[in-house]
Number of protein chains: 2
Amino acid sequence: MANPTAAICVIGDEILSGRTKDKNIGWIAEQLNGLGIQLTQARVIADVKETIIRHITELSDENDYVFTSGGIGPTHDDITTESVAAAFNVKVERNQEAMRRLEQHYKGTEIVLNEVRKKMADIPVGATLIDNPVSAAPGFQLENIYVMAGVPSIMQSMFESLSASLKGGTIPTRLTVQCATGEGNVAHILEQISNQYETVSVGSYPWFKPGQFGTAVVLTGLDENLVSNAAKELCLLVKHAGFEAEDAV
Amino acid sequence: MANPTAAICVIGDEILSGRTKDKNIGWIAEQLNGLGIQLTQARVIADVKETIIRHITELSDENDYVFTSGGIGPTHDDITTESVAAAFNVKVERNQEAMRRLEQHYKGTEIVLNEVRKKMADIPVGATLIDNPVSAAPGFQLENIYVMAGVPSIMQSMFESLSASLKGGTIPTRLTVQCATGEGNVAHILEQISNQYETVSVGSYPWFKPGQFGTAVVLTGLDENLVSNAAKELCLLVKHAGFEAEDAV
C-alpha cells in the first residue's frame, strides 16, 4: 500500500524577501520521512488572504496532510487562522480552552493578556488545538490542515505534540553507495539498476572536495530487501566497471 | 509601476526526503530583492516529469520570471531539461556551443566526455545558454524560465552570469524598528501604521533571548520617503505608549 502523502506550506513575506531563511521545510521533511509519510511538495507563499486560501485548498485536495507554518501571532499581518477558516467556510471564534492556556501562561508575569494577545485564542470552529509547550498560544488542526507557528523552535514543539496522532506508513529504507568516480562514469549503471528495480528510487549526487570527487548514489524504497539487493548489485557493477564503490549507510 | 514578479521552483527528491536541506530559495530570494524583482512564491517539487511540467506551466503563466534549480546533470534522474522543453512543446537537441564548452572543460583532464556526459549539452531548441563558470555544463533560458543547477555554488555562479540580463524594478526600501517590548503591546500601533501607509508593508517579528525579548518591526515599500515617514511615526507612537523604540537599519 502506498504511504500517506503530505505537503508543507510556509506562509510569510519575510521568507520571500530573503530577510529570513526558512528552516522549517527541511526539518518537517525529515520528520515526515521518519514517519513513513511521503512529502510531495513544499511551498512558500505570501501573507495575502486570497493567496493562502488558494494554496491551502489546492494542497488539501491533493494530499492526506498539509502542514503550515507562520502567521498565527497577535499582529495585523498574522492572517493564517482567518484564511484557513475561510478556505473551509467556517467561522473563527474565541476558544475557551485556548484562553485558559494563555491566562495560565501569562499569570504571574508582567505581560498583560490584552485584546490583541487574546486574538491568539481565536480558532476556527470545529478545529482541534495543537499544544504549544514553548509559548502556550496553540496551533490547530482543521480537516487535514495542521496550522503551526513560524518560529522554528515553537513549530518544532508543536509538531512533536501532534506527530503521534498522524497515521504513518512504511518508513523508507535509504541506502547510500559511495562511488569514487564522477557520475558520468556510472550513469549507465544507475539507469540499469533504476530500470531493473522499478520501486527503488535511484538518486545521484556528485560531490567535490579539494583534490577529490565522487558520486553518492542514494537508493530509496519501501521494500527493505529490494533496496538492499539493488545496493549490492550496484556496488558489484561499479566495481566491475573499474571504480571503487562502498556500501555505506 | 509595479515591480516584475518571479517564482522559484526547486526540483529534487533529495530535498523532499529531508536528506538535503535547500539553500537555494533563500539565496535567490535575496538576489531578487536586491534587483527590485518581487518573489511571489517558491516551490519544492519531485523529480517527476508530469509534476515538473505542471508546476513550470503554472508558475510561468503567473510570473514574469521563473528560476529553477536541480535536475540538469548527466544521470537518469536528471529530467528537468526534457520536462521544461515538453512544457513549451519544443524538442531537445545537442547544442553545439554547449558541446564546445564541455570539450574545452574536459580537455587535458582524465575525464572522458562520454555519451552520458554529452547529455549535459542537450538543450531545448530556441533556448539561450546560461554560463556555468564552475563546471562548464550550461543552464538555459527558455521563454521566461531560467533553468539552473541544484548544487548551490554552481547555481549561484549561473545566477550571477544571467542577472545582468534581468529587467529589475525599484529596489524596496526596508527599515527595521526595534521595539523593546512584546508584539502584543504594540500590535495596535502596527495596525494603525499599516492602515495609514497603504503601500508600506508592516511585518512584525518577535524575538527572544535569555532574559530579553522584543519585536522587530520591518517596514518595506517602493517609496523610500513613505517608508521612512512610517518608520519615524511608528517610533514616536511606540515611545508615546511607554516603550523604547529604535529606528535601526
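Cut-offs applied
Residues numbered from 1 in each chain as written. Chains lettered and ligands numbered in written order. Predicted model: local features only at pLDDT ≥ 70, side-chain atom pairs only at ≥ 80, totals over all residues. Helix = DSSP H or I, 4+ residues; strand = E, 2+ residues; numbered from the N terminus. Rg over C-alpha atoms; globule rule 2.2 N^0.38 Å. Buried ≥ 20, exposed ≤ 12 C-beta atoms within 10 Å, placed from the backbone. Contact = placed C-beta atoms within 7 Å. Axes fitted to C-alpha atoms, helices over the stretch in contact; angles between N-to-C directions. Parallel < 35°, antiparallel > 145°, perpendicular 65-115°, else oblique. Left-handed = near helix turned anticlockwise from the far one by under 90°. Nonpolar A, V, L, I, M, F, W, Y, C, P; charged D, E, K, R; others polar. Pairing = 2+ DSSP bridges. Least-squares fit on C-alpha atoms with pLDDT ≥ 70 in both. pLDDT = per-residue confidence, 0-100. Domains from an automatic or database assignment.

Visitor: What is the right way to look at the overall build of chain A in this model?
Guide: Helix and strand content of chain A: nine helices and 12 strands. The C-alpha radius of gyration of chain A comes to 23 Å, more than 25% above the 18 Å expected for a compact globule of 249 residues. Considering only C-alpha atoms, chain A reaches an extent of 70 × 40 × 35 Å along its principal axes. Across the 249 residues that make up chain A, the buried fraction comes to 47%. Considering only intrachain contacts with a sequence separation of at least 6, the fraction spanning at least 24 residues in chain A is 67%.

Visitor: Where do I start with the packing of helix α3 (residues 49–62) of chain A against helix α4 (residues 80–87) of chain A in this structure?
Guide: Angle between the axes and distance between the axes: these two values describe a pair of packed helices. All names here are of chain A. Contact pair α3 / α4: the axes reach a minimum separation of 9 Å and the direction vectors enclose 50°. On the basis of the axis angle, α3 is oblique to α4. Crossing of α3 over α4 shows right-handed handedness. Mapping the contact onto sequence places K49, I52, I53, I56 and T57 in α3 and T80, S83, V84, A86 and A87 in α4.

Visitor: What is the right way to read the interface of chain B and chain A from this model?
Guide: Where the parts come together, the accessible area they lose is often given as the size of the interface. At the junction of the two partners, chain B supplies 46 residues and chain A supplies 46 residues. Mapped by element, the contributors of at least two residues to the side of chain B that touches chain A are α1 (13–16), α2 (24–35), β2 (38–45), α6 (115–118), α8 (183–196), β10 (201–209) and β11 (212–221) of chain B. Looking at side-chain class alone, the side of chain B that touches chain A contains 17 nonpolar, 18 polar and 11 charged residues. Pairing of strand β2 (residues 38–45) of chain A with β2(B), which is carried by three bridges, proceeds in the antiparallel orientation. If you follow V44(A) over to β2(B), its bridge partner there is A42(B).

Visitor: Which parts of the structure should I look at to understand the environment of A180(A)?
Guide: Residues and elements named next belong to chain A. Relative to the helices and strands, A180 is located in the loop between β9 (173–179) and α8 (187–196). Of the residues examined, A180 has 14 C-beta atoms within 10 Å and is grouped as partly exposed. Here the alpha-carbon distance between A180 and K239, two residues 59 residues apart in the chain, equals 10.0 Å. Apart from residues lying up to four places away in sequence, A180 is in contact with G214, F243 and E244.

Visitor: Sorry if this is basic, but what is going on with the pairing of strand β11 (residues 212–221) of chain A here?
Guide: Successive residues of a regular strand alternate their side chains across the two faces of the sheet. Residues and elements named next belong to chain A. By the criterion of burial, β11 is predominantly enclosed, with seven of the 10 residues buried. Direction of pairing for β9 relative to β11: antiparallel, over a ladder of seven bridges. By the bridge assignment, T176 is partnered in β11 with V218. Examined bridge by bridge, strand β10 (residues 201–209) and β11 share nine bridges and lie antiparallel to one another. For V202, the partnering residue across the bridge sits in β11 and is L219. Hairpin connection of β10 to β11: two residues between the antiparallel strands, including G211 at a positive phi of 80°.

Visitor: So what exactly am I meant to see when it comes to the sheet that holds strand β6 (residues 128–130) of chain A here?
Guide: In space, the 12 strands of this open sheet follow the order β6(A)-β7(A)-β8(A)-β3(A)-β1(A)-β2(A)-β2(B)-β1(B)-β3(B)-β8(B)-β7(B)-β6(B), with mixed pairing throughout. Each edge of the open sheet carries a strand with a single partner, namely β6 of chain A together with β6 (128–130) of chain B. Each adjacent strand pair in this sheet contributes to an overall mean axis angle of 20°, direction not counted. Across three bridges, β6(A) lies against strand β7 (residues 139–142) of chain A in antiparallel orientation. What sits directly across from I130(A), in β7(A), is G139(A). Sitting on the sheet, helix α2 (residues 24–35) of chain A is in contact with β1 (5–11), β2 and β3 (65–69) of chain A together with β2 of chain B, with an inclination near 160° to β1(A).

Visitor: I'm lost on the relation of the copies chain B and chain A in this one. Help?
Guide: One copy of the chain maps onto the other through a rotation about an axis plus a displacement along that axis. With an RMSD of 0.0 Å, chain B superimposes on chain A once it is rotated by 180° and translated 0.0 Å along the axis. Classification of the inter-copy transformation places it as that of a two-fold axis. When C-alpha distances to the rotation axis are compared across chain B, the minimum falls at R43(B), with a value of 2.2 Å. When the interface residues of chain B are mapped onto chain A, 100% of them are again interface residues, pointing to one common binding face.

Visitor: So what exactly am I meant to see when it comes to the confidence of the model for chain A here?
Guide: Reading fine detail from the predicted coordinates is not recommended where pLDDT is low. Considering every residue of chain A, the mean pLDDT works out to 95; 99% of them sit at 70 or more. Reported for the predicted complex are a pTM of 0.95 and an ipTM of 0.94.

Visitor: Just to check I follow, could you spell out helix α4 (residues 80–87) of chain B for this structure?
Guide: Along an α-helix, a turn takes 3.6 residues, which lines up residues three or four apart on a common side. Residue and element names in this part refer to chain B. Across the eight residues that make up α4, a large majority, six, are buried. Of all the residues in α4, the buried ones are T80, T81, S83, V84, A85 and A87. Where α4 ends, the next residue or the one after it, N89, has phi of about 55°, a positive value.

Visitor: Sorry if this is basic, but what is going on with the environment of A187(B) here?
Guide: Relative to the elements of secondary structure, A187(B) occurs in helix α8. Distance in space between the C-alpha atoms of A187(B) and S204(B) is 8.4 Å, their sequence separation being 17 residues. Filtering out sequence-adjacent residues up to four positions away, A187(B) remains in contact with P74(A), T75(A), H76(A) and V116(A).

Visitor: Would you mind showing me how to read the environment of L142(A) here?
Guide: Residues and elements named next belong to chain A. Along the chain, L142 falls in strand β7. As a C-alpha pair, L142 and D247 span 105 residues in sequence and 44 Å in three-dimensional space. Leave out the neighbours within four places in its chain, and L142 touches V84, F88, P124, G126 and A127.

Visitor: Help me out: how do you make sense of unusual backbone geometry in this one?
Guide: Trans peptide bonds make up most of the peptide bonds, and negative phi angles are found at most residues other than glycine. All names here are of chain A. Within the chain, A136 stands out as a residue other than glycine whose phi angle is a positive 75°. Summarising the element assignment, A136 is placed in the loop between β6 and β7. Phi at E143 takes a positive value of approximately 50°, unusual for a residue other than glycine. Its location among the elements puts E143 in the loop between β7 and β8 (145–148).

Visitor: For this particular structure, what's the right way to read the domain arrangement of chain A?
Guide: Along its sequence, chain A is organised into domain 1 (5–165) and domain 2 (173–248). Here domain 1 of chain A and domain 2 of chain A have C-alpha centroids that lie 39 Å from each other.

Visitor: I keep staring at the packing of α8(B) against helix α9 (residues 224–240) of chain B and nothing clicks. Help me out?
Guide: Residues and elements named next belong to chain B. Put simply, α8 and α9 touch, their axes get as near as 10 Å, and they point 150° apart. In terms of axis orientation, α8 runs roughly antiparallel to α9. Crossing angle aside, the handedness with which α8 passes α9 is right-handed. From α8, V186, I189 and I193 reach across to α9, where they touch A230, E233, L234, L237 and V238. Class assignment of the residues belonging to the contact of α8 with α9 gives a composition of seven nonpolar, no polar and one charged.

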